[in-house]
Amino acid sequence: MQVCHVRVLHRLTFECPTGSDAGSDEDEISMTEEEMEKLKEHVEEKKKLIATIRNKPWRMKKKLSLLRDSQAFVEKFEGALGKGKGKKFYAYKVMMMKKWIKFKRDFDNFRTACIPWEMKIKEVESHFGSSVASYFIFLRWMYGVNLVLFGLIFGLVVIPEILMGMPYGSMPRKTVPRSEEKTAMDFSVLWDFEGYAKYSALFYGYYNNQRMIGWLQYRLPLSYFLVGVSVFGYSLMVVIRTMASNANESTGEGDDGNYNFSFKMFTSWDYLIGNPETADNKFASITTSFKESIVDEEESNKDENIHLTRFLRVLANVLIICCLCGSGYLIYFVVKRSQTFSKMENIGWYERNEVEIVMSLLGMFCPPLFETIANMEEYHPRVALKWQLGRIFALFLGNLYTFLLALMDDVNEKLEQEVAIRNVTYWTLHNYYNTSGNGNDSTVPPMNPADVPRGPCWETNVGVEFVRLTVSDILVTYVTILVGDFLRACFVRFVNYCWCWDLEAGFPSYAEFDISGNVLGLIFNQGMIWMGSFYAPGLIGINVLRLLTSMYFQCWAVMSSNVPHERVFKASKSNNFYMGLLLLILFLSLLPVAYTIMTLPPSFDCGPFSEKNRMFDVIEETMEKDFPPFIGKIISSAANPGLIIPAILLMVLAIYYLNAVSKAFEHANLDLRKKMQMQREEEKNKRNNNTEANSIMKELEDLLPPQARMALHQQSSETENKGGSANTVGLSPKNELVTRPGNNLGMGRGAASPVPRIAVTQPPAPRAGVMHQQGPHPGMGRGQPRH
């Protein structure tokens, strides 16, 4: 008796070969090579269905049913693809691969959930557009960079000095002078970062110049120098890498293709949304994207008077240049006057903080003035944003460098004072130790650090100025948000019912989020951090707190007090534009620090580089004492200008070559895009031509009598059923209506011969309900022979 084992694997059926020993388990499990291949193909199909079932246009019930069946099938029969002894190993390998894929998916979900402020930014983007969201994305990125810099400085400089260095009060640089002890803890003094704050680990002067400290023999001066250089190196690397990764991304200027509004209408909604709040955000996002596309369409079709536009743009630029020059002169005047105030006694709070107040006020009032002037230019909102960013950047940069130039004058004065104070300090210590002993053998107690004359420590003074500027900028920003946005929104909201005019539609109305001012304020603040962190290591920690609170505070202010812009526009590589400005401010921030490291002598009694001619001498000292002599020779040879200049030229040539290659790739992409567009147009024209040809064929077919049309359709259906081509009637290359002989189609009364060829010389005319056109004699149709 023959036994056949039939397995129905969904749609796959395997028939077992006949045999007398079919009852054994081994024969029941065995499969032929052909069956194995079929099973493998079926398993792969099920896997592909599982991967793509989300994109199928089916009902959810059908999707879930097929998904469960496919998963059960794969789980049950995937292990059967192994053979013999390797079957268990294959099943184990498949199981581990599944677990690894599941782990990677869970880890990706966990990593996405760990992205800080992702939901807040998505909510802002859905209501205010991608341009406002790009600021918060940039702020989050800046927070991450500053967090890394904070770890570098505090982990390698501040904490080692606090744990292994000499304690506070053990030496003059870590002690408040006797003349300042009475007011060292007053709030007004601490608020100006004087008193105990000035002689703390926040500033450069606190750190000792001892070459090695602690039981670890930690080289603090070398670490301080290398960390200060690494701050710029790491920032440069991160900015360039981010710009390279964003180079191919475009959110507004890319080729969206045809039917942009139709695509947005019918493909924007996500049908897997199950949260009502998410659905509201998605609805707001789709609405905002329509507004962005409408603005782009209006700008592309706008007509303008080119001569008037050019005149207004030139006038606007002249006015803005005047504002920039005036702000620069004002800052220079205020800084020079502050140097005069510093030599006076009993000055007020305004005189001490006049520089910070003036710079903060210029940063608060000049951007709105620039925006008012820019309304004359009538640029596209995206282009206007870039012009506004460039102008505010020029304002902040001019103010910053004017501040630095005026500050350098003060540094030069302090360097001149140090020459005299150094002699006084040495003479005082010499007299103390020589006169206190008076020939006695007793040991002279050390002089109290608070009584030792000390120099001005120009590095700490520079750090104090940068910290004051940063703190005042934080306060002005927060006060502006509270007064200019929140209180303004409360006034409009609650007083609008009893006012003379509509406050929401007219003056003052709700405030819009100032993208350009906030972005440039963030970039300008980061430039101050880069410059000031070398003289005030604690400035990085202050900036981290500032960015952390700014994210929450500004997100709350935007969602509660601001309204979307009247002309919502796409960001269009705004993040990369921000990175370009940040790269420029990074380079310009490096120049003053490099100048002070390479040129100015450090203070003689404060900081890790005291008693050295230049700050970079710590590198030469380390090379001499800690490295073999041949390494010093190699480095000195590498520092030879004969090698440095060719290396720089080689780098310039490499940059030029890579730039040329990138431009060539860009042109190639543009050509390919044009070719794809032309191919799409050709295919569309071909489809239109086929449609027109089919309509002409239909009209030509309608010219035939009813019996001929019926026979023609019957012949076409028979030909299709036999697999032949349905070209019984078609247009010949000479534009003739061809009927194959032998069909015996009647062409009128008494027609017994095949239908002759009829030349088509003009398109068929419309027929007004007449079935057969009469010939010249009654009873004769068109085409009948005349007798």
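Everything discussed here concerns the structure shown above.
Residues numbered from 1 in each chain as written. Predicted model: local features only at pLDDT ≥ 70, side-chain atom pairs only at ≥ 80, totals over all residues. Heavy atoms only, no water.

**Let's talk about the overall build of the chain**
For step 1, the next point in the chain: For the chain, the count of helices and strands is 22 helices and seven strands.
For step 2, the next point in the chain: Out of the 787 residues in the chain, the part that is buried amounts to 37%.
For step 3, the next point in the chain: Pairs at least 24 residues apart make up 72% of the contacts formed inside the chain by residues separated by at least 6 positions.
For step 4, the next point in the chain: If you sum the accessible surface of the chain, you get close to 47900 Å²; carbon and sulfur atoms cover 61% of it. (Helix = DSSP H or I, 4+ residues; strand = E, 2+ residues; numbered from the N terminus. Buried < 20%, exposed > 50% of the residue type's maximum accessible area, 1.4 Å probe, protein only. Contact = heavy atoms within 4.5 Å. Areas by Shrake-Rupley, 256 points an atom, 1.4 Å probe, with all protein chains shown as cover.)

**Some remarks on the packing of aromatic side chains**
For step 1, the next point in the chain: This model, assessed by the stated rule, comprises 27 aromatic pairs.
For step 2, the next point in the chain: Relative to Phe136, the ring of Tyr135 lies with its centre 5.1 Å away and its plane at 75°, an arrangement referred to as edge-to-face. The pair formed by Tyr135 and Phe136 is uniform in burial state, with each residue classed as buried.
For step 3, the next point in the chain: With a centroid separation of 6.2 Å and an interplanar angle of 10°, the aromatic rings of Phe138 and Trp141 are classed as stacked. Here Phe138 pairs with Trp141, and both are found in helix H6 (residues 130-164), just three residues apart, close to one helical turn.
For step 4, the next point in the chain: Residue class for Phe138 comes out buried when judged on its relative accessible area of 2%. (Phe/Tyr/Trp six-rings, centres within 6.5 Å; stacked < 30°, edge-to-face > 60°.)

**Let's talk about the state of the cysteines**
For step 1, the next point in the chain: Scanning the model with the defined rule gives one disulfide in all.
For step 2, the next point in the chain: At a sulfur-sulfur separation of 2.0 Å, the disulfide partner of Cys457 is Cys606. Where Cys457 bonds to Cys606 through sulfur, the torsion about that S-S bond is close to 105°, and the disulfide is right-handed. With a gap of 149 residues between them, Cys457 in the loop between helix H14 (381-437) and helix H15 (458-495) and Cys606 in the loop between helix H18 (574-598) and helix H19 (617-626) connect regions that are remote in the sequence.
For step 3, the next point in the chain: Exposure remark for Cys457: the relative accessible area of 8% places this residue in the buried category.
For step 4, the next point in the chain: The structure places no disulfide on Cys322, whose sulfur is separated from the nearest cysteine sulfur, that of Cys325, by 6.7 Å. (Disulfide = S-S within 2.5 Å.)

**Comments concerning unusual backbone geometry**
Among all residues save glycine, negative phi is the norm, and among peptide bonds the norm is trans.
For step 1, the next point in the chain: A positive phi angle is found at Cys457, which is not glycine, with a value near 55°.
For step 2, the next point in the chain: Backbone geometry places Glu611, a non-glycine residue, at a positive phi of 65°.
For step 3, the next point in the chain: Position of Glu611 among the secondary structure elements: in the loop between H18 and H19.
For step 4, the next point in the chain: On the accessibility criterion, Glu611 (63% relative accessible area) is exposed.

**Remarks on the packing of helix H5 (residues 118-128) against H6**
For step 1, the next point in the chain: Following both chains from N to C, one finds H5 and H6 inclined at 160°, their axes separated by 7 Å at the closest point. Regarding the angle of H5 to H6, the classification is roughly antiparallel. Once H5 is placed against H6, the crossing between them reads as right-handed. Between H5, through Glu118, Ile121, Val124, Glu125 and Phe128, and H6, the contact on the second element is made entirely by Ser130, Ser131, Val132, Ala133, Phe136, Ile137 and Arg140. (Axes fitted to C-alpha atoms, helices over the stretch in contact; angles between N-to-C directions. Parallel < 35°, antiparallel > 145°, perpendicular 65-115°, else oblique. Left-handed = near helix turned anticlockwise from the far one by under 90°.)

**A closer look at the nonpolar core**
For step 1, the next point in the chain: Residues Phe136, Phe138, Trp141, Phe403 and Leu582 are the most contacted members of the largest nonpolar core, which totals 103 residues.
For step 2, the next point in the chain: Here this core gets 15 residues from one element, more than from any other, and that element is H6.
For step 3, the next point in the chain: Setting aside chain neighbours within four positions, we find Phe138 in contact with Leu522, Ile523, Tyr578, Met579 and Leu582. (Core = buried A, V, L, I, M, F, W, Y, C linked by side-chain atoms within 4.5 Å.)

**Quick look at the side chain of Glu418**
For step 1, the next point in the chain: Positionally, Glu418 belongs in helix H14.
For step 2, the next point in the chain: Buried charged residue Glu418 carries no salt bridge. Nearest counter-charge: Arg422, at 5.0 Å.
For step 3, the next point in the chain: Among residues more than four places away in sequence, those in contact with Glu418 are Pro456, Cys457, Trp458, Pro602, Ser603 and Phe604. (Lys, Arg positive; Asp, Glu negative; His and termini not counted. Salt bridge = Lys/Arg side-chain N within 4 Å of Asp/Glu carboxyl O.)

**Brief notes about the side chain of Thr596**
For step 1, the next point in the chain: Summarising the element assignment, Thr596 is placed in helix H18.
For step 2, the next point in the chain: For Thr596, a relative accessible area of 3% gives the class buried.
For step 3, the next point in the chain: From its side chain, Thr596 meets the backbone oxygen of Val593 in a polar contact 2.7 Å long.
For step 4, the next point in the chain: Not counting the four nearest positions on each side in its chain, Thr596 is found in contact with Trp458, Tyr535 and Met615. (Polar contact = N/O pair within 3.5 Å; in protein donor to acceptor, adjacent residues only side chain to side chain.)

**Things to note about the pattern of salt bridges**
For step 1, the next point in the chain: The full count for this structure, using the stated rule, is 15 salt bridges.
For step 2, the next point in the chain: One salt bridge in this structure joins Arg178 and Asp451, with 2.9 Å as the shortest N-O distance. Of this pair, Arg178 sits in the loop between H6 and helix H7 (187-191) while Asp451 sits in the loop between H14 and H15, and the two are 273 residues apart along the sequence.
For step 3, the next point in the chain: You can call Arg178 partly exposed: its relative accessible area is 39%.
For step 4, the next point in the chain: For Asp451, a relative accessible area of 36% corresponds to the partly exposed category.
For step 5, the next point in the chain: Residue Asp626 is joined to Arg219 by a salt bridge in which the shortest nitrogen-to-oxygen separation is 2.8 Å. Separated by 407 residues along the polypeptide, Asp626 in helix H19 and Arg219 in the loop between H7 and helix H8 (220-245) bring together distant segments of the chain.
For step 6, the next point in the chain: The partly exposed category is assigned to Arg219, whose relative accessible area is 31%.

**Some words on a nonpolar patch on the surface**
For step 1, the next point in the chain: Together, Met97, Trp100, Ile101, Phe103, Phe107 and Phe110 give the surface a local cluster of nonpolar side chains, amounting to about 680 Å² of exposed area.
For step 2, the next point in the chain: Counting through the fold element by element, Phe103 comes out in helix H4 (residues 86-113). (Patch = residues over 30% accessible without salt bridge, like charges linked within 9 Å, V, L, I, M, F, W, Y side chains within 5 Å.)

**A few points about helix H3 (residues 60-77)**
For step 1, the next point in the chain: For H3, with 18 residues, the first-to-last C-alpha span of 26 Å sits near the 26 Å given by 1.5 Å per residue.
For step 2, the next point in the chain: Among the residues of H3, those classed as buried are Lys63, Ser70, Phe73, Val74 and Phe77. Projected down its long axis, H3 shows its buried positions confined to an angular sector of 105°, all on one face. Exposed and facing more than 90 degrees away from the buried side of H3 are Lys61, Arg68, Glu75 and Lys76. (Expected span 1.5 Å × (residues − 1). Arc of directions from axis to C-beta.)

**Some remarks on the environment of Tyr552**
For step 1, the next point in the chain: Within the secondary structure, Tyr552 sits in helix H17 (residues 539-561).
For step 2, the next point in the chain: If sequence neighbours within four positions are ignored, Tyr552 has contacts with Trp117 and Lys120.

**Brief notes about the packing of H6 against H17**
For step 1, the next point in the chain: Close contact between H6 and H17 brings their axes to 8 Å; oriented N to C, the two are set at 160°. Judged by the inter-axis angle, H6 sits roughly antiparallel to H17. Judged by the twist between their axes, the crossing of H6 over H17 is left-handed. Residue-level inspection shows Tyr135, Phe136, Leu139, Arg140, Met142, Tyr143, Asn146, Leu147, Leu149, Phe150, Ile153 and Phe154 of H6 in contact with H17, the latter providing Ile540, Gly541, Asn543, Val544, Leu547, Leu548, Ser550, Met551, Gln554, Cys555 and Val558.
For step 2, the next point in the chain: Classifying every residue of the contact of H6 with H17 gives 17 nonpolar, five polar and one charged. (Nonpolar A, V, L, I, M, F, W, Y, C, P; charged D, E, K, R; others polar.)

**Some points on the environment of Cys366**
For step 1, the next point in the chain: Within the secondary structure layout, Cys366 lies in helix H13 (residues 354-374).
For step 2, the next point in the chain: Judged by relative accessible area, Cys366 falls into the buried class, the value being 9%.
For step 3, the next point in the chain: C-alpha separation for the pair Cys366 and Leu324, spaced 42 residues apart in sequence, amounts to 8.9 Å.

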